[in-house]
Protein chains: 8
Amino acid sequence: MANFVWDAERQKRTGVAEAVFCSGKSAQDLADIVTHNIAHSLPLLMTRLTQAQWQSLPISLQQQLSYDQVSQTACANTPNITQEPQHVCIVCAGTSDLSVAREAQRTLEFNGLAAPLIADVGVAGLWRLMDRIEEIRRYKIIIAVAGMEGALFSVLAGLVSAPVIAVPSAVGYGVSENGQAALTSALSSCAPGVLTVNINNGFGAAVAAIKTLRQFE
Amino acid sequence: MANFVWDAERQKRTGVAEAVFCSGKSAQDLADIVTHNIAHSLPLLMTRLTQAQWQSLPISLQQQLSYDQVSQTACANTPNITQEPQHVCIVCAGTSDLSVAREAQRTLEFNGLAAPLIADVGVAGLWRLMDRIEEIRRYKIIIAVAGMEGALFSVLAGLVSAPVIAVPSAVGYGVSENGQAALTSALSSCAPGVLTVNINNGFGAAVAAIKTLRQFE
Amino acid sequence: MANFVWDAERQKRTGVAEAVFCSGKSAQDLADIVTHNIAHSLPLLMTRLTQAQWQSLPISLQQQLSYDQVSQTACANTPNITQEPQHVCIVCAGTSDLSVAREAQRTLEFNGLAAPLIADVGVAGLWRLMDRIEEIRRYKIIIAVAGMEGALFSVLAGLVSAPVIAVPSAVGYGVSENGQAALTSALSSCAPGVLTVNINNGFGAAVAAIKTLRQFE
Amino acid sequence: MANFVWDAERQKRTGVAEAVFCSGKSAQDLADIVTHNIAHSLPLLMTRLTQAQWQSLPISLQQQLSYDQVSQTACANTPNITQEPQHVCIVCAGTSDLSVAREAQRTLEFNGLAAPLIADVGVAGLWRLMDRIEEIRRYKIIIAVAGMEGALFSVLAGLVSAPVIAVPSAVGYGVSENGQAALTSALSSCAPGVLTVNINNGFGAAVAAIKTLRQFE
Amino acid sequence: MANFVWDAERQKRTGVAEAVFCSGKSAQDLADIVTHNIAHSLPLLMTRLTQAQWQSLPISLQQQLSYDQVSQTACANTPNITQEPQHVCIVCAGTSDLSVAREAQRTLEFNGLAAPLIADVGVAGLWRLMDRIEEIRRYKIIIAVAGMEGALFSVLAGLVSAPVIAVPSAVGYGVSENGQAALTSALSSCAPGVLTVNINNGFGAAVAAIKTLRQFE
Amino acid sequence: MANFVWDAERQKRTGVAEAVFCSGKSAQDLADIVTHNIAHSLPLLMTRLTQAQWQSLPISLQQQLSYDQVSQTACANTPNITQEPQHVCIVCAGTSDLSVAREAQRTLEFNGLAAPLIADVGVAGLWRLMDRIEEIRRYKIIIAVAGMEGALFSVLAGLVSAPVIAVPSAVGYGVSENGQAALTSALSSCAPGVLTVNINNGFGAAVAAIKTLRQFE
Amino acid sequence: MANFVWDAERQKRTGVAEAVFCSGKSAQDLADIVTHNIAHSLPLLMTRLTQAQWQSLPISLQQQLSYDQVSQTACANTPNITQEPQHVCIVCAGTSDLSVAREAQRTLEFNGLAAPLIADVGVAGLWRLMDRIEEIRRYKIIIAVAGMEGALFSVLAGLVSAPVIAVPSAVGYGVSENGQAALTSALSSCAPGVLTVNINNGFGAAVAAIKTLRQFE
Amino acid sequence: MANFVWDAERQKRTGVAEAVFCSGKSAQDLADIVTHNIAHSLPLLMTRLTQAQWQSLPISLQQQLSYDQVSQTACANTPNITQEPQHVCIVCAGTSDLSVAREAQRTLEFNGLAAPLIADVGVAGLWRLMDRIEEIRRYKIIIAVAGMEGALFSVLAGLVSAPVIAVPSAVGYGVSENGQAALTSALSSCAPGVLTVNINNGFGAAVAAIKTLRQFE
């Protein structure tokens, strides 16, 4: 494990435990990391762990992890999740955004925070969003996930008093391929108070929400 | 006037009279065109006629034109405008979009069609739009003008049964400078039935509306 | 089917039945949707349904759907198609554009409208287009599909009085890869009255045509 | 003032008073807005008010506004600023970023919040930042402004437990002209917890900070 | 004249005399060049010589040059132009393209070749082009200048057997601003045999035509 | 073969026989085309015919075609190649460019023109090019193929009096991935007389050369 | 081996032996090159040699090469590596950058220079870098490899007096996909003295370091 | 001078004295900086100091500075320049590149290093470069400045054994406007050993050269 130094101090320093971004990592690297953290009873969150990578792990390691295929995340030694009160709500525009939305949800859970996920409230059917808006208004931070043209970010930010963390998702084609249109929509929202993270970065949105909440505990 | 041949047959062939796109044209070219059309009692619509270009025209020609500074258009020999029934409605997100919205309105008027302009119904304050939505739903074609992130296009298209012609406007800065974010929003709208024209092209949106209406007269 | 709420009211509200954009959806999600709509005798249009996704559906469901491989669409409970009079004509530049053109045609049919498809009239051989132009001029709305440099959009719009809905197709390579050159051609056409949808969006073009026709019934 | 409807309810609904983005507005529009708000004793924040626009206002109106040339902002009827406790800190990389940083500071002040501005702590001289890091760590939200390559965002986010709101500034040339390099740095920071707003959008960063603080009062 | 070495051998080596690209050159540099070439009776072609630069030259030098304001070119010691037979024809889409088309024409003349310029045959009015097509077909090389979407290149190349040298012009706005749409159209033409030069490069198109003709003399 | 109309008149009209761009065509479409042309003894050039597509053709058809794997071209009924005199020379920068260079060579041969191919004369080893420059100077048209930064185009154009048709190839990575850097180099060459075609478009370069030669026969 | 001429003189002329960039080369081409160099006892460095390409080589050739899977390089006839004194140090931000960093290291070794590789010192955990900074300061040239936002380049350049050769790596997603964000960071670093090579170009960085060192031997 | 802290320690730490990038700085800021450094007898290099900014300085300060209009640099307290031996050579492609080349030269001089500037050796006239190549080969580091397509970088790097620091200049138009084509050429040079800095960054190239030389003193 020459290439790997676990940053056990990170949680103390920044309030959030280190996570492993698995994209591009080899089967051996991944196995080393899992083995290490389990051996030391360290919490472990793995993101962008494809099903192929997951299946490349020895069964013995798989059994110690909780893998979620939708979000491509795996966890070990997750703390107990505090159910009440919930401060963060995750909202997404369509079922295609669920993978990113779940990455945010799993990251929050891994840090002890339960958060509801309200799916399929895209603005093409505005009444779906309006049906849920009172519920959404109860939360202190909103994480919104949307691809295509990302109109959800502006509509939401105009309707709630909480800050909106926009996660553009790589859902779309043509000019919205790879999430570019949703990203520019988030950044240039006509409703002030929208904060943006990189395309598909559900993890980053969750970490920012956690860092914010930790400031006010 | 060696460089200029008036296409008097265009109206017959395509249903819309030729207009003069004045951007980059010299004072002499512009004066030649005005003189020619007035001498022949031909209708004349000039677009993108900056105030400087307008002022470069001889006073005698100015007096024969109706100039609108907001939309940078000038007309001569405009037909009578048919007030009833109105089929096209122009909607814009903010006061900064008025220049483009007025270009569409003036083009419709030049072709004999009155059309109301509903301004300042951007989605950051959704209730403003909702207050007017029943009125907007009465029209057969909606021309929508928006800059910034252009969320208005999707919200509108989800609320009305008429086709929406989206005109991205070059209102914004940073990633939405020059209308790029609004353009990609229009093209990748999650609400089907949005049709798009080039950035700031209020004239083109109006012409498409006119061509459509003429098919069903 | 927790992630899926059928918008049965959409047809009433916007004049067009909801369709399912299948790109990126899992086999299970797709099977759920088909089962649901067939059970409730609801019309169903599935777009971007790859052959692999189609084959992943249970045979029993496949038998209830009409699948078209060229356009990657599947339908169920399609209404009877009204053959006369036809108001929309689909024109495409080359055989490579057929997939997109057929998506438009299938969407029109799913909404009860027959529409002819005139293929292989690209401008490199202008006489091919001129041979068909009188036929094309009979229609009230033209849907034009073209990749490469998309010159067809401007040539057509200069020859007909109907509005032209341009669908740039992702046919090309180098600078026209992914349809970018055709898209910018459509948006900046020197012939006014061209309306544009996203690259490959045959579905969106058809929906806009349907919405327009419904306004004048 | 036909084009202008003051949204007096916005503060109640979203927790932040409406501001006027003056870019592109005419002298008459600006004068109308100022006159209206002063007549009704409404708070008024004007952003992107160039010195030329400022000077175009009647002296009688200028006397009722506090204008700040660095940030191009003007205020009227600003509430008393609460000095203690301070929760937001603004950090910027160089003196060229001061205009944007001051826009954030003025927006916070206009909403009653004092916030210190720590300038000239760019990472090219890391010790300057390290000299101030303990002070910065005392705040609950950090607004960081940087142009060029925007390395400050990642370095800061790795050193503090507060969330970092990154404001890329249009400071640079060549590949970093217009703030693009700083923007992509903010979005792709290797340190999680960085939240981004549009280039030069000091106002938006401040509004997001205010919205966040209001949730936890 | 330390910074300037005249390449008198270029004409022998490449068949085309050196020209001076004046963009960004100072008044002193320009005066030095003119003085030098006139003193040595060398042919001189200056391109992109703005009116301001032209006026900055001493009257005594101006009198030795033939300046053309449309094309922003100045010549001295131009050889006699061979009127017959003419092998190159310049075609342009609209009057806005005349500046670039004239640059090509002046460059041909400077190298002794007369070439007709056929203006205003854009494809939005296809019959204008068809009226002239037999005339155009008489030439061995066609230089075509077009901005906006540049559809002219493909239409022409499908109608003539001569090679078409496409010069995209920076005429347009929105997505065709700066000539980008016309450039991608030229490069991805569905009609093979289109050759492209840089945006606005009428000079380069003419030089390529001259080089070609010289090969077959 | 409903989707396919052979343009047998093209050779007469433009001087070059029609070719089939096979990219994206189905096995059935390709078989139909081959069967048709062989049945009618028509010349046939197929470009971008991948090895997989080639192998999908029935053996009986394969036997009637000459397939070249490097250039991914197949021919039938090719005319006799005229060996003398040769007027076109193909030059490429490295072995990675051979595929594109061979496409040009095969297209020339299919139209009866032999043309030598000089490979591996990239400018990183300038002496390799200088060793061959006298030979290259003998030709009337040079087709140059280069990827990476495409410096070959400018160096060549400065050394020969023939026009240079630049074919940027998609050889490179990072900023030169997909041929973009070579394309911009070709278009902005400091040596006038460079003409450019789309990335990898060896076919188009050859057609332009043939069209030119045909003018002067 | 018609397409291949070994540039045995390159080492003498530029101080660095020629290397073979294997991307896109066929199995036969690669085997020819290896056979040739081994037969002539020439040094051989192959870069971007994928595992599939490696396995396509005959076992007999494989046995004469030293293959490194991480960096995708193979060497033969490598000179003895000089261990002392070491002048170049390779630093990388994360384990995902190891492939590129190792390509640089292998290239240095192939030219006789040992160089340490310090991995996992990204700026998100600044203390990791600070722990090693004294060691890094001992070297005369620093090669730094980083993806994502590339903040490492600026931080390093502000801390050391040696020149920093930045190698942006294609590690990231969304706006940093393909290394674009890291590249613009390197080029626009606020710390002067950063020199940049193409994305993933570990080889080029090493060659530049070797060329520099050779000047001062 | 609240916004300004002179980094007097920078020279010790990184080997190069701090310089002032004047772009966007106010007249007052500039006067403060000059006054401060002259009062403390500190060396001062100001870059991107436009003539307008220069003229805005009080005459008394101007008299203490040496201003160079071509490079837009001003110096005070410059050390004596060491004439021998010279290790760095600056090469540029055309007279339009002189501004950037001089910025590099002035920066070297300000750090005590004389460096010759060889202008007008662009590759369109390769013999000009070959005439000087033996002279250029005598230097240990080459700084090359080129705009347009930047072919000079590759040609030079293939001819010399010294490392080449490429400075793309914003000389060009169309696709090479703003230096983009030259930048991508530098980064993707087929000749290894090219190192690149930002567009127009003559200062950065010089600093990198100085840092390198200091390592080997």
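Just so we're clear, the structure is a prediction, and the values are computed from it rather than from any experiment.

What follows is about the relation of the copies chain B and chain A. When chain B is fitted onto chain A, the two copies agree to an RMSD of 0.0 Å after a turn of 180 degrees and an axial shift of 0.0 Å. Between the two chains, the operation in question is that of a two-fold axis. Among all residues of chain B, the minimum C-alpha distance to the rotation axis is found for B:Ala151, at 2.3 Å.

Glancing now at the UniProt feature "transmembrane region" (unreviewed entry) in chain A. Per the UniProt record, "transmembrane region" (unreviewed entry) is annotated on residues 141–166 of chain A. Counted over residues 141–166 of chain A, helix gives 35% and strand 35%. Its end C-alpha atoms are 11 Å apart.

Residue and element names in this part refer to chain H. In this structure, Ile 136 sits in helix H6 (residues 126–136). On the neighbour-count criterion, Ile 136 (19 C-beta atoms within 10 Å) is partly exposed. Each C-alpha atom, one on Ile 136 and one on Gln 51, is 33 Å from the other, the two residues being 85 residues apart in sequence.

Next up on the list: the relation of the copies chain D and chain A. When chain D is fitted onto chain A, the two copies agree to an RMSD of 0.0 Å after a turn of 180 degrees and an axial shift of 0.0 Å. Take the interface residues of chain D: 100% of them recur as interface residues in chain A, which is what a same-surface contact looks like.

Here we come to the UniProt feature "domain: PurE" (unreviewed entry) in chain A. UniProt annotation of "domain: PurE" (unreviewed entry) refers to residues 86–216 of chain A when read in the numbering used here. End C-alpha to end C-alpha, residues 86–216 of chain A measures 14 Å, and it is 42% helix and 16% strand.

For interface size, the figure often reported is the accessible area lost on association. Taken together, the 26 residues of chain D in the interface contact 26 residues of chain A. Broken down by secondary-structure element, the contributors of at least two residues to the side of chain D that touches chain A are helix H1 (10–14), strand S9 (194–196) and helix H9 (202–215) of chain D. It is H9(D) that provides the largest number of residues to the side of chain D that touches chain A, a total of eight residues. Residues of the side of chain D that touches chain A, tallied by class, amount to twelve nonpolar, ten polar and four charged.

Along its 13 residues, helix H5 (residues 98–110) of chain F runs 18 Å from first to last C-alpha, staying within 8% of the 18 Å computed at 1.5 Å per residue. Burial within H5(F) is extensive, with 13 of its 13 residues counted as buried.

Time to look at helix H9 (residues 202–215) of chain E. Since the α-helix turns once every 3.6 residues, residues separated by three or four places project in the same direction. Residue and element names in this part refer to chain E. An ideal rise of 1.5 Å per residue puts 20 Å on 14 residues; H9 measures up with 20 Å between its terminal C-alpha atoms. Here H9 lies mainly inside the structure; twelve of its 14 residues are buried. All of the buried residues along H9 are Gly 202, Phe 203, Gly 204, Ala 205, Ala 206, Val 207, Ala 208, Ala 209, Ile 210, Lys 211, Thr 212 and Leu 213.

This part is about the domain arrangement of chain A. All names here are of chain A. Considered domain by domain, chain A is made up of domain 1 (10–76) and domain 2 (88–215). The C-alpha centroid of domain 2 is placed 25 Å from the C-alpha centroid of domain 1. Taken together, the contacts link twelve residues of domain 1 with 13 residues of domain 2. Listing elements by their share of the side of domain 1 that touches domain 2, those giving two or more residues are strand S2 (44–47) and strand S4 (73–76). A breakdown of the residues in the side of domain 1 that touches domain 2 according to their chemical character gives six nonpolar, five polar and one charged.

The rules behind the values
- Residues numbered from 1 in each chain as written.
- Chains lettered and ligands numbered in written order.
- Predicted model: local features only at pLDDT ≥ 70, side-chain atom pairs only at ≥ 80, totals over all residues.
- Least-squares fit on C-alpha atoms with pLDDT ≥ 70 in both.
- UniProt positions renumbered as here; feature names shortened; annotations may be inferred.
- Helix = DSSP H or I, 4+ residues; strand = E, 2+ residues; numbered from the N terminus.
- Buried ≥ 20, exposed ≤ 12 C-beta atoms within 10 Å, placed from the backbone.
- Contact = placed C-beta atoms within 7 Å.
- Nonpolar A, V, L, I, M, F, W, Y, C, P; charged D, E, K, R; others polar.
- Expected span 1.5 Å × (residues − 1).
- Domains from an automatic or database assignment.

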